[in-house]
Amino acid sequence: MPIAVIRHFKSVVVVVGLTVGLVACGPAALPPGDTIVDRDEVINREAHAFNRELDRTLIRPIATAYGTAVPQPVRQGVSNFASNLDQPGYVVNNILQLRLGQAMQNTARFLVNSTIGIGGLLDPASAIGPTAAETDFGETLHIYGFGEGDYLELPVLGPSTRRDAVGTVVDVALNPVRIFVPAPEVNYARGAGILQPLDSRYRFADTIDGVLYESADSYAQLRSSYLQSRRFELSDGTQVVIDPETGALSPVDPLADTYIDPYDP
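Residues numbered from 1 in each chain as written. Predicted model: local features only at pLDDT ≥ 70, side-chain atom pairs only at ≥ 80, totals over all residues. Heavy atoms only, no water.

Caption draft 1: Local environment of the overall build of the chain. What the chain contains, in helices and strands, is 12 helices and four strands. For the chain, the computed accessible surface area is about 13600 Å², with 63% contributed by carbon and sulfur atoms. (Helix = DSSP H or I, 4+ residues; strand = E, 2+ residues; numbered from the N terminus. Areas by Shrake-Rupley, 256 points an atom, 1.4 Å probe, with all protein chains shown as cover.)

See below:
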């Protein structure tokens, strides 16, 4: 099975934590003053319908079978292994972002888990101290001043923006694991990269099913969730709104009425 087919659910699972709160509170809405630029909404909705059908007919059944048949400790080991292989890519982007402290942190984590952690199957680094400073080339572009651009939902790959779509292509092209790890070892990395999101799809099944199949408008729910999650991530954990003219992020006014409907004319 092509790894790209499974990568769609990495984007979905990224926003699961935020979506839990959104589902509990009702329809998804961005903070007051925030904006969505979705000029290709018709095409995006077609891609969303395709992705949802892909999940219903292929991904969800495979994830259920994987989660049911494979013991949790084994699935956790595979996910640890896949996560460890993400670290070199983080280091590349840390350096491009001139965040050398985070580059050292991710390098230390990779070395600890690759040695003491038996190639990354275990995660002793988390117990010792160095946590993963996750990043990607989309964040690198953000740091260099590139706006997020229009919202996109890509077939197979899922929710994104124009900036993050470019970032995904660059991350794949510059992935040190893909470049430097020879066959057949690189095939183990590809296999783990497929199984990790399947495990997440299984573990968060109720929440993802709630968004994709029980929301009044699953496209709008996922779009808002993704944009809130991504903007929160890029602002280092501060709730922000985006300037539609410049693409700049600015903190939300703490005195603003968070119950105002930003779509109410």
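Having seen it, we continue.
Caption draft 2: Quick peek at the packing of helix H3 (residues 41–69) against helix H11 (residues 205–214). For the pair H3 and H11, the least separation of the axes is 11 Å and the interaxial angle reads 135°. Put simply, H3 runs oblique to H11. The handedness of the crossing between H3 and H11 comes out as left-handed. Counting all contacts with H3, which are made through His48, Arg52, Asp55, Arg56 and Arg60, the residues of H11 involved are Asp209, Leu212 and Tyr213. (Axes fitted to C-alpha atoms, helices over the stretch in contact; angles between N-to-C directions. Parallel < 35°, antiparallel > 145°, perpendicular 65-115°, else oblique. Left-handed = near helix turned anticlockwise from the far one by under 90°. Contact = heavy atoms within 4.5 Å.)

Caption draft 3: Region of interest: the pattern of salt bridges. Summed over the entire model, instances satisfying the criterion amount to 18 salt bridges. Of the charged contacts, one joins aspartate 55 and arginine 201 as a salt bridge, the two residues approaching to 2.9 Å between their closest N and O atoms. Of this pair, aspartate 55 sits in helix H3 while arginine 201 sits in helix H10 (residues 185–203), placing them 146 residues apart in sequence. By the burial criterion, aspartate 55 is buried, and arginine 201 matches it. Between aspartate 164 and arginine 230 there is a salt bridge; the shortest N-O distance is 2.9 Å. With aspartate 164 in helix H8 (residues 162–174) and arginine 230 in helix H12 (residues 218–234), this residue pair connects regions lying 66 residues apart in the sequence. The residues aspartate 164 and arginine 230 share a single accessibility class, namely buried. Taken together, the shared-partner salt bridges in this structure form one network comprising Asp38, Glu41, Arg45, Asp217 and Arg223. (Salt bridge = Lys/Arg side-chain N within 4 Å of Asp/Glu carboxyl O. Buried < 20%, exposed > 50% of the residue type's maximum accessible area, 1.4 Å probe, protein only.)

Caption draft 4: Structural context of a nonpolar patch on the surface. A cluster of nonpolar side chains, contributed by Leu98, Ile143, Tyr144 and Phe146, occupies part of the molecular surface with about 460 Å² of accessible area. The class for leucine 98 is exposed, based on a relative accessible area of 68%. (Patch = residues over 30% accessible without salt bridge, like charges linked within 9 Å, V, L, I, M, F, W, Y side chains within 5 Å.)

Caption draft 5: A look at the packing of aromatic side chains. Across all of its chains, the model carries two aromatic pairs by this definition. Both rings, one in tyrosine 151 and one in tyrosine 219, keep their centres 6.1 Å apart while their planes meet at 70°; by these two values the pair is edge-to-face. In this pair, tyrosine 151 is assigned in strand S1 (residues 151–154) and tyrosine 219 in helix H12, connecting sequence segments 68 residues apart. Of the two residues, tyrosine 151 and tyrosine 219, both sit in the buried class. Through pairs of rings, three or more aromatic residues link up here, namely Tyr151, Tyr219 and Tyr226. (Phe/Tyr/Trp six-rings, centres within 6.5 Å; stacked < 30°, edge-to-face > 60°.)

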